[in-house]
Structures are given as C-alpha cells and as structure tokens.
Amino acid sequence: MASPNKIPAFTRILLKLSGESLMGTRSGGIHPPALNSIAADIQSAHERGVQIAVVIGGGNIFRGAQSQGYSIDRVTADYMGMIATVINALALRDTLKVSGSSAVVMTAFEVANVVETFNRERALDHLEEGTIVIFAGGTGNPYFTTDTAATLRAVEIEARAILKATQVDGVYDRDPAKGKPSKLFARISYEQVLKEKLGVMDLTAISLAMEHGIPIIVFNIGTRGDIERIVTGQKVGTLIAGEGDER
C-alpha cells in the first residue's frame, strides 16, 4: 500500500484495459469479482486526486480479428468489437458509481440515449470536475486497435502517462507463457520495443506515444493496488519511454 500522504506522480493518466481483464476465471463475458476488483483499484487511485481516463477493449465479448471462420466481413466484425467495448464500458461505469465514484462513458460513435459521444472539450471538463471518463468504441474506425485508440485519447486529453494493464508483470524479452527463460525489463525505450516488435502494444500505438513523449507503464492488472502504486510514483512493471526520460 502506498503512503497515505504521497503526492501523485501523475496528475492525469489514461488506463488501458483489455476486455479479457474482465473475464476473471471465465472463458468469456464479464466476471463480477474481476470487474469489482478493477473498479476498486481505479477508485483507490482516483481518491489520490489523480484524473483518470480509461480505454477498454471488447475481446471478452467479440474481437474483430476473430471474424475469420464466420460469414462476417472484417469491417462489420470490427464494428461488432467496438460495440462490445461499449458493453464493457457501461458495466465498469455502473460498478464505479455503486462504489461512490463519478464516472461517464464517451464513445467514438453515437449511441443515442445511452452514452455521450466523444468530444475533447467535454472530456477535459469531466476530468477537471473529478469524473472518471471511460472511452469506448475504439477510434470509431475499423482496422485500428484499442491500443491505438488509447494512445490517441491520451494525446487528446494530455495525459501524463499511459498505464497498460496486462496479464503479466511487464515487458519481457520473450513471451513468458511459452515456458522459455525470459527477462523482465524495468525500463525499455520506445525504439527497442519497435525494433524488436515485442508486441506489448500495437506498434502504431507505440509510435504515437513516442512522437508525443507520453510514457507507457506496463503492469499486471491481477496485482491488487498496482494502479495506486504507479500513480504515487512507485516503480511497478515496465516503463517504456525515450532514451533520456526518467520515471
């Protein structure tokens, strides 16, 4: 647990969550304990005075890249995946509200009478007012990942860092799930991630973050309290940044 008097290291963050993070022990869909745990961690960080935006994926429900084998056009499939992110965003919003946090969903395309359509100025107003903003619908365009959407939104809201939640403890030199010896990086440059195609995020997302100098912190969403530890300046996971940048 972070020190209760610790001043936030980041005043505004963009948290990137995968849809799979909501599955918990299930093979798909939303597992209430997993959703509640993530919401509690977001709320703990938010209570530190940090402005928080979230981009959430939809892979627990449907992923556009999974359209192979279906009689579904890839563009249609990508829109289905975007709609899945709206479902997840609504679930996260209401869970945060029940726990006492103010939260709102904004989508990249219009979902009339359900959520707000993304507007940069309105999103900034929400953040300044202390509302957690959940961005859904990706970029609103097929063929773009939610990683790219997360970096785009981070640039637009002038986030101080992107927190990329994964199922492992950070960035490794090779996939630890494959059973081979692997090295966890405490820090790595954007350039090395791109050169070695490490796959922690979509390469377009990494390039955009590098262009705008937004650090990315990759951490394990399964470790309770890590979001709060990161925003209070503790070294968690892997920092992706420029060669001369420091956490």
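Placed above this text is the structure.
Quick caveat: nothing in here was measured; it's all calculated off a predicted structure.

J.: In this structure, what is going on with the packing of aromatic side chains? I would like to understand it.
T.: Any two aromatic rings considered together are summarised by their centre-to-centre distance and by the angle between their planes. Under the defined criterion, the tally for this structure stands at 1 aromatic pair. Aromatic pair F118 and F135: ring centres 5.5 Å apart, planes at 80°, arrangement edge-to-face. Linking F118 in the loop between β4 (116-117) and α3 (120-128) with F135 in strand β5 (residues 132-136), this pair joins segments that are 17 residues apart in sequence. Its end group placed over the ring of F118, R153 keeps NZ or CZ at 3.8 Å from the ring centre. In this structure, R153 packs its charged tip against the face of F135, placed 5.8 Å from the ring centre.

J.: In this structure, what is going on with the packing of helix α1 (residues 32-46) against helix α2 (residues 74-98)? I would like to understand it.
T.: When two helices pack together, you describe them by how their axes are tilted relative to each other and by the distance separating the axes. Running from amino to carboxyl end, α1 crosses α2 at an angle of 60°, the nearest separation of the two axes being 9 Å. Taken together, the axes of α1 and α2 lie oblique to each other. Between α1 and α2 the crossing geometry is right-handed. Within the contact between the two elements, α1 uses L35, N36, A39, I42 and Q43 and α2 uses A91, L92, T95 and L96. For the contact of α1 with α2, the residue count by class is 6 nonpolar, 3 polar and no charged.

J.: Would you explain the environment of G59 in this entry?
T.: Along the polypeptide, G59 turns up in the loop between β2 (51-56) and α2. Judged by its relative accessible area of 17%, G59 is buried. Expressed as a C-alpha distance, the spacing of G59 and G81, which sit 22 residues apart in the sequence, is 7.2 Å. Discounting residues that sit within four places of it in the chain, G59 has contacts with G19 and E20.

J.: Honestly, the packing of helix α4 (residues 146-156) against helix α6 (residues 203-212) in this entry has me stumped. Any pointers?
T.: Two elements in contact, α4 and α6, have axes whose closest approach is 8 Å; the angle formed by their N-to-C orientations is 15°. On the basis of their axis angle, the class for α4 and α6 is roughly parallel. The element α4 and its partner α6 pack so that their crossing is left-handed. From α4, D147, T148, T151, L152 and V155 reach across to α6, where they touch T204, A205, L208, A209 and H212. Taken together, the residues of the contact of α4 with α6 break down into 5 nonpolar, 4 polar and 1 charged.

J.: Where do I start with the environment of G138 in this structure?
T.: The topology assignment puts G138 in the loop between β5 and α4. Once residues lying within four places of it in the same chain are set aside, the contact partners of G138 are T85, A108, T146, A149 and R153.

J.: Which parts of the structure should I look at to understand the side chain of K16?
T.: Along the chain, the position of K16 falls in strand β1 (residues 12-17). Reaching out from K16, the side chain makes a polar contact with the side chain of T146 at a distance of 3.4 Å. Residue contacts for K16: discarding those within four places in its chain leaves V55, T146, D147, A150, L163, K164 and A165.

J.: How should I be thinking about the nonpolar core in this particular structure?
T.: When a protein is soluble and globular, its nonpolar side chains tend to lie buried together. In terms of nonpolar packing, the biggest core is built from 37 residues, with L17, I42, V54, L92, I134 and F219 touching the most fellow members. The contact partners of V54, leaving out residues within four places of it in the chain, are L14, L15, L17, I42, L92, I132, V133, I134 and F135. Core analysis: the next-biggest nonpolar cluster, separate from the first, contains 30 residues, V55, V104, A123 and I162 among them.

J.: Whenever I open this one, the pattern of salt bridges confuses me. Can you help?
T.: All chains considered together, the criterion is met by 11 salt bridges. The closest approach of N and O atoms between K16 and D147, which form a salt bridge, is 3.6 Å. Taken as a pair, K16 in strand β1 and D147 in helix α4 lie far apart in primary sequence, 131 residues in all. Each member of the pair, K16 as well as D147, carries the same accessibility label: buried. Between D147 and K164 there is a salt bridge, with its nearest N and O atoms 2.9 Å apart. Within this pair, whereas D147 is found in helix α4, its partner K164 is found in strand β6 (residues 161-166), the two being separated by 17 residues in sequence. The class of K164 is buried, set by a relative accessible area of 8%. Overlapping salt bridges, with partners in common, bring together K16, D147 and K164 in one network.

Scoring rules and cut-offs
- Residues numbered from 1 in each chain as written.
- Predicted model: local features only at pLDDT ≥ 70, side-chain atom pairs only at ≥ 80, totals over all residues.
- Heavy atoms only, no water.
- Phe/Tyr/Trp six-rings, centres within 6.5 Å; stacked < 30°, edge-to-face > 60°.
- Helix = DSSP H or I, 4+ residues; strand = E, 2+ residues; numbered from the N terminus.
- Lys NZ or Arg CZ within 6 Å of the ring centre and 35° of its normal.
- Axes fitted to C-alpha atoms, helices over the stretch in contact; angles between N-to-C directions.
- Parallel < 35°, antiparallel > 145°, perpendicular 65-115°, else oblique.
- Left-handed = near helix turned anticlockwise from the far one by under 90°.
- Contact = heavy atoms within 4.5 Å.
- Nonpolar A, V, L, I, M, F, W, Y, C, P; charged D, E, K, R; others polar.
- Buried < 20%, exposed > 50% of the residue type's maximum accessible area, 1.4 Å probe, protein only.
- Polar contact = N/O pair within 3.5 Å; in protein donor to acceptor, adjacent residues only side chain to side chain.
- Core = buried A, V, L, I, M, F, W, Y, C linked by side-chain atoms within 4.5 Å.
- Salt bridge = Lys/Arg side-chain N within 4 Å of Asp/Glu carboxyl O.

Keep in mind that these numbers describe shape and distance, not what the molecule does.
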